[in-house]
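Chain and residue survey
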Amino acid sequence: MRPVVIAGVGMIPFERRDEDSLVDMLAMAGLKAMDDANLGDRPVDAVYVGNMASGLFNHQVSVASALVDRLNLMPAAADRIENGPASGGSAVKNGFLAVASGYCDIVLVVGGEKMREVIGPKATDIVACMTHPNAEYIYGVTLPALAGMFTRLYMEKYGVTREHLTMVAVKNQENGLLNPYAHIQMKITMEGVLTHPQAHVNSPVVADPIHLYDCCPVSDGAAAVLLTTEDIANELKRPIVTIAGVGQATDTHTLQERSDPTDLKAVTIASQKAFSMSGIKPKDIDVAELHDAFTILEIAESEHAGFFSKGQGAKALAAGETQIGGKLPINPSGGLKARGHPVGATGVAQVVELVWQLRGEAGKRQVKGAVNGFSLNFGGFGNNVIAFVLRSKS
Amino acid sequence: MNTITAYKCKKCGLVMYPHHFRCLKCNGREFEEIKPSANGKLLTYTIIEQLPWGIDERERVLGVVEFDNGVKALGVIKAENPKLGMKLKAGWEPVRVIGGEKVYGLSFQPTK
Ligand SMILES: [Zn+2]
């Protein structure tokens with residue numbers, strides 16, 4: 001396989017975007033990545049679009065074909081890639097494979113979702129369509145409900161407390177204030193979420209023990225990366241950030257069929273594969289973007305990915321190690337918690353943030369001197385996980 | 001009483017629910033259809049306060065129950081104060097209306 005370089009990145013601010021259609025958003029993010037790569041009029045060989053549910057949210061399918069038309073990228077190959085919340089990561093992985101194999105020289109990967117076209121409970125129902133139709137969905141299970149059942153077990157087993165969960169939310173919303181692309185631009189405090197007389201109003205129960213501030217918001221948005229070879233990236237005069245490692249793994253559809261439901265095996269295996277391919281070790285990672293759709297996930301993923309041993313993630317968090325300026329800053333972008341989680345966009349947006357960090361272009365949230373980055377895109381409830389290790393060569 | 005159907009691998013004995021075409025342990029393809037036993041214990045639960053579109057309730061408790069014969073399944077928990085490990089007795093009732101039709105599923109009540 002030949003090295004694959006991320007020559008261009010772009011995204012549009014995640015928020016509620018009533019004026020833009022899904023394909024508008026994909027096109028805007030795609031153009032930014034093409035321009036960031038100095039692509040000019042060079043042809044693109046293939047376009048991969050990560051999107052979970054345009055048919056259900058927006059009554060539109062074949063959005064990859066629609067996108068190449070809007071961007072005048074014909075006759076580029078175009079595919080929409082649906083892999084639940086890991087759709088964005090899957091799209092980046094497929095773009096990587098296309099360039100690494102030599103089949104394509106220039107690939108545009110765009111992830112996007114427009115979720116706010118429907119009301120909240122409807123969005124919750126659409127997202128719940130990823131659960132098992134007979135064994136889960138009919139009971140009214142939601143993703144927060146799966147997270148609630150998981151959180152209860154994780155708290156019980158590892159001594160994670162509501163204070164720990166809230167620390168994730170406070171940290172990531174603080175980071176979000178430094179990220180102009182983040183949906184949630186609001187500082188919150190431990191007191192306001194936990195002990196204030198109005199705490200139950202500020203952060204009501206969603207799926208006990210999960211509260212509102214343990215959940216990511218429902219957002220519209222898109223993010224894009226332009227992948228190419230090292231030679232072409234040099235011709236385009238772009239800084240060299242390579243995809244050094246890619247790992248993906250799956251697990252059972254339902255939580256109840258895992259012998260230990262607190263063990264996120266797919267996270268462990270996907271991360272190990274990405275690390276082993278890259279030759280980079282967890283201790284060499286300078287910045288990580290994890291899939292904190294729920295606060296517990298940032299803690300659990302930081303352990304399963306190999307940064308901390310089991311039960312130590314919450315302690316590292318409490319000690320400030322995962323803040324910007326700490327030993328391993330996690331989610332300097334604000335993560336899904338603050339940046340937002342337009343489902344198909346997330347896996348791509350994580351990679352975009354890492355590229356900005358590794359190029360030293362992350363502004364006020366810059367992790368100083370970052371060379372190696374790690375991202376983890378968590379699909380279903382851990383049944384399909386994709387990890388990337390990125391390295392800056394400049 | 002109506003209930004779910006679980007699957008016991010004829011080769012290695014693993015009990016599975018829901019259905020798989022190959023055994024999760026030994027890849028066996030032949031299964032004995034079994035019913036969960038009457039009682040089980042609560043492995044984990046959540047109290048959902050924000051239910052999805054299509055469920056007209058303010059609150060619903062869902063939990064995973066391990067039946068005495070090893071079947072594990074999600075269901076509606078009808079207990080005032082759910083507790084991990086509590087003993088529950090299975091029932092069968094409408095759990096959701098989909099396309100105007102009542103869909104039946106597992107419900108659980110504390111054993112007396
Ligand atoms: Zn078997």
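The structure displayed is predicted, hence computed values, not measured ones. (Residues numbered from 1 in each chain as written. Chains lettered and ligands numbered in written order. Predicted model: local features only at pLDDT ≥ 70, side-chain atom pairs only at ≥ 80, totals over all residues. Heavy atoms only, no water.)

1. Notes on the coordination of the zinc ion
Residues and elements named next belong to chain B. Coordination of the zinc ion by the protein is provided by Cys9 (SG), Cys12 (SG), Cys23 (SG) and Cys26 (SG), with metal-donor distances spanning 2.3 Å. Taken together, the 4 donor atoms coordinating the zinc ion and their angles of 101 to 114° define a geometry best described as tetrahedral. Look at where the donors of the zinc ion fall in the sequence and you get C-x2-C-x10-C-x2-C. Judged by relative accessible area, which is 3%, Cys9 ranks as buried. (Donors = N, O, S within 2.8 Å, 3.2 Å for Na, K, Ca; no water. Tetrahedral: all angles 85-135°; square planar, octahedral: opposite > 155°, others 65-115°. Buried < 20%, exposed > 50% of the residue type's maximum accessible area, 1.4 Å probe, protein only.)

2. Remarks on the pattern of salt bridges
All names here are of chain A. Overall, the coordinates contain 22 salt bridges over all chains when judged by the stated rule. Here Lys171 ties to Glu298 by a salt bridge, and the two come within 2.8 Å at their closest N and O atoms. Remark: Glu298 occurs in helix H12 (residues 295-304) and Lys171 occurs in helix H7 (residues 162-176); sequence separation between them is 127 residues. What makes Lys171 buried here is its relative accessible area of 7%. Residue classification places Glu298 among the buried residues on the basis of a relative accessible area of 3%. A salt bridge links Lys393 to Glu230; its shortest N-O distance comes to 2.8 Å. Taken together, the positions of Lys393 in the segment after strand S11 (384-392) and Glu230 in helix H10 (residues 230-235) put the pair 163 residues apart, joining distant regions of the chain. (Salt bridge = Lys/Arg side-chain N within 4 Å of Asp/Glu carboxyl O. Helix = DSSP H or I, 4+ residues; strand = E, 2+ residues; numbered from the N terminus.)

3. Overview of the interface of chain A and chain B
On the chain B side, the residues contacting the 30 residues of chain A number 34 residues. Both faces considered, chain A and chain B share a buried interface measuring about 2700 Å² in area, 63% of it formed by carbon and sulfur atoms. One can count 1 salt bridge joining chain A with chain B. Between Arg96 of chain B and Asp125 of chain A there is a salt bridge whose closest N-O contact spans 3.0 Å. Where chain A packs against chain B, one counts 15 residue pairs in polar contact (both at pLDDT 80 or more). Where the side of chain A that touches chain B is concerned, the elements lending two or more residues are helix H5 (120-128), helix H6 (143-158) and strand S5 (205-208) of chain A. The element that contributes the greatest number of residues to the side of chain A that touches chain B is H6 of chain A, accounting for 6 residues. A breakdown of the residues in the side of chain A that touches chain B according to their chemical character gives 13 nonpolar, 9 polar and 8 charged. Relative to strand S4 (residues 39-48) of chain B, S5 of chain A is paired through 2 bridges, and the arrangement is antiparallel. Counted as the bridge partner of Ala207 of chain A is Ile48 of chain B from S4 of chain B. (Contact = heavy atoms within 4.5 Å. Buried area = accessible area lost by both parts, 1.4 Å probe. Polar contact = N/O pair within 3.5 Å; in protein donor to acceptor, adjacent residues only side chain to side chain. Nonpolar A, V, L, I, M, F, W, Y, C, P; charged D, E, K, R; others polar. Pairing = 2+ DSSP bridges.)

4. Some points on the packing of aromatic side chains
A complete count under the given rule lists 9 aromatic pairs over all chains for this structure. Among the aromatic residues, ring-to-ring pairing joins Phe150, Tyr154, Tyr158, Phe378 and Phe381 of chain A into one connected group. Stacked on the ring of Tyr137 of chain A, the Lys or Arg Arg96 of chain B has its end atom at 4.1 Å from the ring centre. (Phe/Tyr/Trp six-rings, centres within 6.5 Å; stacked < 30°, edge-to-face > 60°. Lys NZ or Arg CZ within 6 Å of the ring centre and 35° of its normal.)

5. As for the sheet that holds strand S1 (residues 6-9) of chain B
Residue and element names in this part refer to chain B. The strand order S2-S1-S3 describes an open sheet built from 3 strands, whose pairing is antiparallel. The open sheet is flanked by strand S2 (15-16) and strand S3 (31-34), the only strands paired with a single partner. Here 4 bridges tie S1 to S3, and the two strands are oriented antiparallel to one another. Residue Ala6 lies in a different strand from S3, and its bridge partner there is Ile34.

6. Examining the environment of Val23 of chain A
All names here are of chain A. Positionally, Val23 belongs in helix H1 (residues 22-36). Looking at Val23, the relative accessible area reads 4%, which means it is buried. For the pair formed by Val23 and Gly112, sequence separation is 89 residues and the distance between their alpha carbons is 8.5 Å. Not counting residues up to four positions away in its chain, the partners in contact with Val23 are Gln60, Val63, Ala66, Leu67 and Arg70.

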